[in-house]
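Residue strings, one per chain:
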There are 2 protein chains.
Amino acid sequence: MSEFIDTCRTLVGAANVLTDSADLERYLTDWRRRFTGKALAVVRPASTEEVAAVIRLCNEHRVPVVPQGGNTGLVLGSVPDQSGTAIVLSLSRLNRIRGVDTINNTMTVEAGCILEQIQNAAADAGRLFPLSLAAEGSCTIGGNLATNAGGTAVLRYGNARELCLGLEVVTAEGEVWDGLRGLRKDNTGYDLRDLYIGAEGTLGVITAAVMKIFPQPKGQLTALAAVEAPEHALRLLSLAQERCGAALTGFELMSNFCLQLVTKHFPQMRLPFPQPYAQYVLLELSDSESEEHANTLLEGLITEALEQEIAQDAVIASSIAQSKALWNLREHIPLAQAEEGKNIKHDVSVPISLIGEFIRVTDVQLQEQFPGCRMVTFGHLGDGNLHYNVSPPEIGSQDAFIEHQSAINRVVHDSVHRFNGSISAEHGLGALKRDEVRAYKSDVELRLMRTLKQALDPHNLMNPGKVI
Amino acid sequence: MSEFIDTCRTLVGAANVLTDSADLERYLTDWRRRFTGKALAVVRPASTEEVAAVIRLCNEHRVPVVPQGGNTGLVLGSVPDQSGTAIVLSLSRLNRIRGVDTINNTMTVEAGCILEQIQNAAADAGRLFPLSLAAEGSCTIGGNLATNAGGTAVLRYGNARELCLGLEVVTAEGEVWDGLRGLRKDNTGYDLRDLYIGAEGTLGVITAAVMKIFPQPKGQLTALAAVEAPEHALRLLSLAQERCGAALTGFELMSNFCLQLVTKHFPQMRLPFPQPYAQYVLLELSDSESEEHANTLLEGLITEALEQEIAQDAVIASSIAQSKALWNLREHIPLAQAEEGKNIKHDVSVPISLIGEFIRVTDVQLQEQFPGCRMVTFGHLGDGNLHYNVSPPEIGSQDAFIEHQSAINRVVHDSVHRFNGSISAEHGLGALKRDEVRAYKSDVELRLMRTLKQALDPHNLMNPGKVI
C-alpha cells in the first residue's frame, strides 16, 4: 500500500494525503461522536480532475473510497468502517462557486462549498438559496446532494433533489460525467442526475452541481398557534395552503411536552401563552410583495383559524426578535431533550393525512411495551416528516431504558411501515440503517437497488457497506 | 408464435388481444401520421397483474414490448418498428383513479387514465392537477410520466417528474415494484422512481402513480405585453418573478411573425394592439387570495414594466373571454404554421439567460445557409424552452426546402449544443432523435445510459430501438 499512498501524494500533493492518526481523527469520527472508523489515509484533491485521478488509482489498487463533505451526517454515511482498507476522500478543497446567473436563476458550485457559503453568495447576488438546516455552517452541498437533504424550507422549495438542475460526477471508474446543465427542461435520456442524488456516494462522487436560486422574499412573518391535537394541526395546514398558497414556507408541529422540556432547561425562554396547550404549530409565511401584505395574509389566516375553532390561541410575531424567539423554541427542542438525558431518535415520514393516527397508535404501542416512556414528538408537519423521539421514563435507569433501543426502533419503524411511511425521511441510510431497511423494502426493490449498484460500481469500491 | 398469442389470450381475454390489421392500425401509426410500424399483436391488459403476466410471457418467448398510452407522442416513442416482432402493450384499460387524498394532496392513478380525466377528478375534489398540454384529451398519465411531459404550467409546478411522488412499475422481468408512496420525504435508497420517469418505457412499464395535487387558485389573470426583443422579455420575466413569486404560472414568448401567421390564417382573431411589435409575451398569474388581488398584482407589474420601458405596450384581459382570446393566439401558432405549409419543428431548451443570444446567432446561421427561411419562434420562455420552428421561404418549392430537414436540424441542434442546451426539451427521444442525440452526449453519458439499460433490461425487450 505504500506505493498506493506515494502515488496519491504525487496526484494531490503530499500535504493533502493525511496518514497521521491525529490528523485523521476528525475525518474518522462521526458527527455525533458515536463511532470512529479506520482508514489508510485521508486524501484531499483540489479539482475534479484530481478526484478522477484518485478514483482511477483506487480502482487499480481495489482500494475502497469513502467520500466525505462536512462529515455532519447522522447515519454513519461519511465515515469508514473499522477495516482500515479504505481512504476517506475529502471534497472540502473543491470549494469554488463557479458562477451565479441571476437571469437563469442558477448557481454552479463545487461539492465542497459549505451550505452557508452558498446561501451567502446567493444573498450577495440578491437571491435566495432556500436549502437550510441545522448543520448549515459545516455541511457541504456535495453531502447535501448525496443525502438529498431536507431541512426547514422543503414545504415550499423541495428537498435538495428538487433544487438541483445538473451535476458533475466522477464515476466509480474514475471518469468525469459533465451533466452541469442549467436547464428546466431536458428530456434526452435517463435521469442520471437523480440517480446520484441521494445515493450517499455509493455510485460515484458528486464534484459540482447547478443549483436553483430564487427571488428573495420581501416579507417574512412567523406565528405560533396552539391546537388541540395533530388533526387540528392538519386542518390548519389545509387552511393555510388554501389561503396562502406558495407563501406558506414553514409549518412545524411541536407537542406540549417538547416545549415543556425547552422552558425547563432554558428558563430564559418563554411560551407566549398564559396557559399550556396540547400541541403547537409554528407557521412561517414568505411574501413576494411586502411585509404588510404578509401581515394581512397571516392575520386573516389566524382569525379564520380561531373563528373556526381550529386553533385555540395564536400569536403573530411583530418583530424580527419575536420571530427569532418563536423559531428558537422549535430549534431548542433537540438541545432540551439532550439536557434531559439520553434518548432515542427517529426521523420518519408518513402520508400527511395519517400523521394524527400514526402518532396516536404508535404512542399506545410504546406505552404498552415501555410504560412511562416520554414522547418528544415534533417535526416538519407540512412535509409529513416527524422527529418522533423517545425519552426514558422520568424515574428509573436511563441506561437500562436505552438498552431497549433496537426494540423501540422496531415498534416505531414497524408502525411507520404499516402507515406506508419511510424510516428515514431526511437523514438517509448510511451504515446505521442499512440492515434495518431490508425488513421494510420489498425483495423487488432491494434487487433493483443491488442491480444498479452492481452495474455502476462493479468492484464495490464506492462507500461500501452504506445504503445497500 | 401462435402459442405465444394463444397464451396472451388466456392471460388477458381473447377480446383484448388484437391481431386484425384493421384493429391494429391506430396503435401502429404515430400521432402525426408520419410512420406506421408492424406488430405481432396489440395486447390490452386490465390490471397490473395482467401486465406482469404478459411481460413474463414476453420474456419467455423473447418478444419485444412497446408500451403505449394515448399514442400522442411526437418522437415515434410509442409505436413499434417495421420488424413485426414486437407486441404493442396498450395500458388504456388500466384507467382507474385508485384514490384521492385531499389532506395529503395526492391522487393515486393508473397509467391508462387520460390526463383530462385526472384534471377533472382533482377539480371534483376541489383541487388542481396542474399538468396541462395540447393532447390532454387523449394522452395518458403513464405516457406523461414515461416521457416526463412538460406543458404550460411547468414554470410554477414543474414537469411530470416533479409532480410524481411514487410509482408502480412492472420491471423488464415481469416483477411488480410497488413504489406507490405518497411521501414528500423518503431517503431510503436509490431513486428508482426518477429512473423510470422519462425512460420512455425502455426500462419497465409504469402501471400506476401517486401524483401531487394543489389547492385551486382563487383568481387567474392573463396579460399580453409587447416587447422589443427577447432580452426585454427576459427582463420582464425577472421583474414578474421578483414581484409575483410563485403566482406567475405562465410566461410565453411569441415573435411578431408567429402572430402574423395566426391573424392571416384565422382572420377572426385579432391582436389587441393598434400596431405590430417585434415580440409578445403572454403572462398568466394564478392567485391564492382573490381575483382582485391578482388584478392589483398584475396591474402593478405592467405599470412598472411600461414605466421602465421594458414593455412597449400591454393589455390585461378583463374577462374570461378576453383571457381565452389571448391564449388562443398562442395556441393557434402551430395550426397557423401548418396552414402556411410544410415546416420543420424543433423542441429545444437553453439556459434562460442565453435565449436572446441563441435566437440571434442561430437565426443568422440559418439565413446564411437557407436564405429566406422564415422563423416561427415561440415557446415557454419561463422554462427556457423554445419551439424554434422553420418555415420555407415565401417563394419557391416547399418540398425542395423540406428536403434540407436534416441539415437544418443540424444547424439548430449544433447551436443548441454550443449554448449548453437540450435538443429535446419536452418531447423525448423515441426512435426519432435516438441517433441524433449521440452527437451531443459525451461518451461517458452514453456509456452510463447503456449500462443502466443493460442492467435493467438485459434482453433488450422493453421498447427496443427507443432512447438508446
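Residues numbered from 1 in each chain as written. Chains lettered and ligands numbered in written order. Predicted model: local features only at pLDDT ≥ 70, side-chain atom pairs only at ≥ 80, totals over all residues. Heavy atoms only, no water.

If you look chain A up in an unreviewed UniProt entry, it shows as FAD-binding oxidoreductase from Noviherbaspirillum album. Here is the UniProt Sequence similarities (unreviewed entry) comment for chain A, exactly as written: "Belongs to the FAD-binding oxidoreductase/transferase type 4 family." (UniProt positions renumbered as here; feature names shortened; annotations may be inferred.)

Colleague: Mind laying out the overall build of chain A, listing which residues take part and the relevant values?
Modeller: Helix and strand counts for chain A come out as 18 helices and 18 strands. Scaling as 2.2 N^0.38, a compact globule of 468 residues should have a C-alpha radius of gyration of about 23 Å, and chain A matches this with 23 Å. Overall, the C-alpha framework of chain A stretches about 70 × 55 × 45 Å when taken along its three principal axes. Looking at chain A residue by residue over its 468 residues, the buried ones come to 60%. In chain A, of all internal contacts separated by at least 6 residues, the share reaching a separation of at least 24 is 73%. Roughly 17300 Å² of accessible area belongs to chain A as shown, and the carbon and sulfur atoms make up 48% of that amount. Separation between the mean location of the 41 positive side-chain charges and that of the 56 negative ones in chain A comes to 4 Å. (Helix = DSSP H or I, 4+ residues; strand = E, 2+ residues; numbered from the N terminus. Rg over C-alpha atoms; globule rule 2.2 N^0.38 Å. Buried < 20%, exposed > 50% of the residue type's maximum accessible area, 1.4 Å probe, protein only. Contact = heavy atoms within 4.5 Å. Areas by Shrake-Rupley, 256 points an atom, 1.4 Å probe, with all protein chains shown as cover. Lys, Arg positive; Asp, Glu negative; His and termini not counted. Charge placed at Lys NZ, Arg CZ, Asp CG, Glu CD.)

Colleague: So, the interface of chain B and chain A: which residues are in play, and what are the values?
Modeller: Where the parts come together, the accessible area they lose is often given as the size of the interface. On the chain A side, the residues contacting the 83 residues of chain B number 84 residues. A per-residue breakdown of the area chain B buries against chain A is headed by Lys185, Asn187 and Tyr190 of chain B, which together make up 16% of the total. Counting every contact that joins chain B to chain A gives 12 salt bridges. Between Glu242 of chain B and Lys218 of chain A there is a salt bridge, and its shortest N-O distance comes to 3.9 Å. (Buried area = accessible area lost by both parts, 1.4 Å probe. Salt bridge = Lys/Arg side-chain N within 4 Å of Asp/Glu carboxyl O.)

Colleague: If you had to explain the UniProt feature "domain: FAD-binding PCMH-type" (unreviewed entry) in chain A to someone new, which residues and values would you point to?
Modeller: In this structure's numbering, the residues bearing the UniProt feature "domain: FAD-binding PCMH-type" (unreviewed entry) are residues 35-216 of chain A. Spanning residues 35-216 of chain A, this segment combines 24% helix with 25% strand, and its end C-alpha atoms are found 40 Å apart.

Colleague: Lay out the sheet that holds strand E8 (residues 164-171) of chain B in plain terms, naming residues and giving numbers.
Modeller: Across a sheet, paired strands are connected by hydrogen bonds in the backbone, their directions being either parallel or antiparallel. Strand order across the open sheet formed by five strands is E5-E6-E10-E8-E9 (chain B), with antiparallel pairing between neighbours. Two strands bound the open sheet, and with one partner strand each, they are strand E5 (97-101) and strand E9 (176-179) of chain B. Going from strand to strand, the sheet's axes swing by 15° on average, the running direction of each strand aside. Bridge analysis of strand E6 (residues 106-110) of chain B against strand E10 (residues 204-212) of chain B gives five bridges, and the strand direction is antiparallel. By the bridge assignment for E10 of chain B, Glu110 of chain B is matched with Ala208 of chain B. Its contacts with the sheet place helix H18 (residues 443-456) of chain A against E8 and E9 of chain B, and it is angled at close to 95° to E9 of chain B. (Pairing = 2+ DSSP bridges. Axes fitted to C-alpha atoms, helices over the stretch in contact; angles between N-to-C directions.)

Colleague: Describe empty space enclosed by the protein, listing the residues and the values that go with them.
Modeller: Residue and element names in this part refer to chain A. For the coordinates displayed, the defined rule picks out three cavities of 30 Å³ or more. Approximately 40 Å³ is the volume found for the second largest cavity. Taken together, Gly151, Thr152, Val154, Leu155, Thr249, Gly250, Phe251, Glu252, His380, Leu381, Gly382 and Asp383 form the lining of the second largest cavity. Within the residue set of the lining of the second largest cavity, elements represented by two or more residues are helix H6 (154-157) and strand E13 (248-255). The biggest single contributor to the lining of the second largest cavity is E13, with four residues. Of the residues contributing to the lining of the second largest cavity, the split by class is four nonpolar, six polar and two charged. (1 Å grid on protein atoms, 1.4 Å probe; cavity = no way out; pocket = protein on both sides within 12 Å on 5 of 7 lines; lining within 4 Å. Points joined across faces, edges and corners; volume = space filled by probe spheres on them. Nonpolar A, V, L, I, M, F, W, Y, C, P; charged D, E, K, R; others polar.)

Colleague: Please give an account of the nonpolar core that cites residues and values.
Modeller: Ranked by internal contacts, the top residues of the largest apolar core, which has 187 residues, are Leu283 of chain A together with Leu283 of chain B. Once you skip the residues sitting within four places of it in the chain, Leu283 of chain B turns out to touch Leu221, Thr222, Ala223, Ala225, Leu236, Ala240, Leu248, Gly250, Phe251, Leu301 and Ile302 of chain B. (Core = buried A, V, L, I, M, F, W, Y, C linked by side-chain atoms within 4.5 Å.)

Colleague: Quick rundown of the domain arrangement of chain A? Include the residues and the values.
Modeller: Each domain of chain A was delimited in the assignment, giving domain 1 (2-90), domain 2 (97-215), domain 3 (219-334) and domain 4 (341-427). Inter-centroid distance (C-alpha atoms) of domain 1 of chain A to domain 4 of chain A is 35 Å. (Domains from an automatic or database assignment.)

Colleague: How would you summarise the packing of helix H12 (residues 320-331) of chain A against helix H13 (residues 333-340) of chain A if you had to cite specific residues and measurements?
Modeller: Residue and element names in this part refer to chain A. Viewed as axis vectors pointing N to C, H12 and H13 meet at an angle of 45°, and their least axial separation amounts to 5 Å. In terms of orientation, H12 and H13 fall into the oblique class. Residues Leu329, Arg330 and Glu331 of H12 form the contact with H13, whose own contacting residues are Ile333, Pro334 and Leu335. Classifying every residue of the contact of H12 with H13 gives four nonpolar, no polar and two charged. (Parallel < 35°, antiparallel > 145°, perpendicular 65-115°, else oblique.)

Colleague: So, the sheet that holds strand E16 (residues 347-349) of chain B: which residues are in play, and what are the values?
Modeller: Residue and element names in this part refer to chain B. Strands sit in the order E15-E12-E14-E13-E17-E18-E16 across an open sheet of seven strands; the sheet is antiparallel. At either margin of the open sheet sits one strand with a lone partner, and together these are strand E15 (313-316) and E16. For this sheet, the mean angle separating the axes of adjacent strands, direction not counted, is 20°. Bridge count for strand E12 (residues 219-227) against E15 is four bridges, and the pairing is antiparallel. Residue Ala223 lies in a different strand from E15, and its bridge partner there is Ile316. Where helix H11 (residues 320-331) meets the sheet, it contacts E12, strand E13 (248-255), strand E14 (279-287), E15, strand E17 (374-380) and strand E18 (385-391), and its direction lies at approximately 50° from that of E12.

Colleague: Which residues make up the pattern of salt bridges, and what are the values?
Modeller: Counting across every chain of the model gives 48 salt bridges over all chains. Between Lys264 of chain A and Glu340 of chain A there is a salt bridge, with its nearest N and O atoms 2.8 Å apart. With Lys264 of chain A in helix H10 (residues 256-265) and Glu340 of chain A in helix H13, the pair connects residues that are 76 residues apart, well separated along the chain. The partner of Arg98 of chain B in a salt bridge is Glu110 of chain B, and the shortest N-O contact between them spans 3.0 Å. Placement of the pair is Arg98 of chain B in strand E5 and Glu110 of chain B in strand E6, with a sequence separation of 12 residues. For Glu110 of chain B, a relative accessible area of 3% puts it in the buried group. One salt-bridge network, in which partners are shared between bridges, spans Arg96, Arg98, Glu110 and Glu168 of chain A.

Colleague: Which residues make up the packing of helix H8 (residues 230-244) of chain B against helix H10 (residues 291-307) of chain B, and what values go with them?
Modeller: Residues and elements named next belong to chain B. Across the interface, H8 lies against H10 with an axial gap of 10 Å and an inter-helix angle of 145°. As H8 packs across H10, the resulting crossing turns out to be right-handed. Facing Leu236, Leu239, Ala240, Arg243 and Cys244 of H8, the residues of H10 in contact are Leu297, Gly300, Leu301, Glu304 and Ala305. Here the contact of H8 with H10 is composed, by residue class, of seven nonpolar, one polar and two charged. (Left-handed = near helix turned anticlockwise from the far one by under 90°.)

Colleague: Summarise the pairing of E17 of chain B; cite the residues concerned and give the values.
Modeller: A regular strand places its side chains on the two faces of the sheet in alternate fashion. All names here are of chain B. Taken across its seven residues, E17 has seven buried, putting it largely inside the fold. Where E13 lies against E17, two bridges are found, and the strand directions are antiparallel. By the bridge assignment for E17, Leu253 is matched with Gly379. As paired elements, E17 and E18 share seven bridges and run antiparallel to each other. Bridge assignment links His380 to a residue of E18, and that residue is Asn385. With antiparallel pairing between neighbouring strands as the criterion, E17 and E18 make up a hairpin whose turn holds four residues, including Gly384 at a positive phi of roughly 70°.

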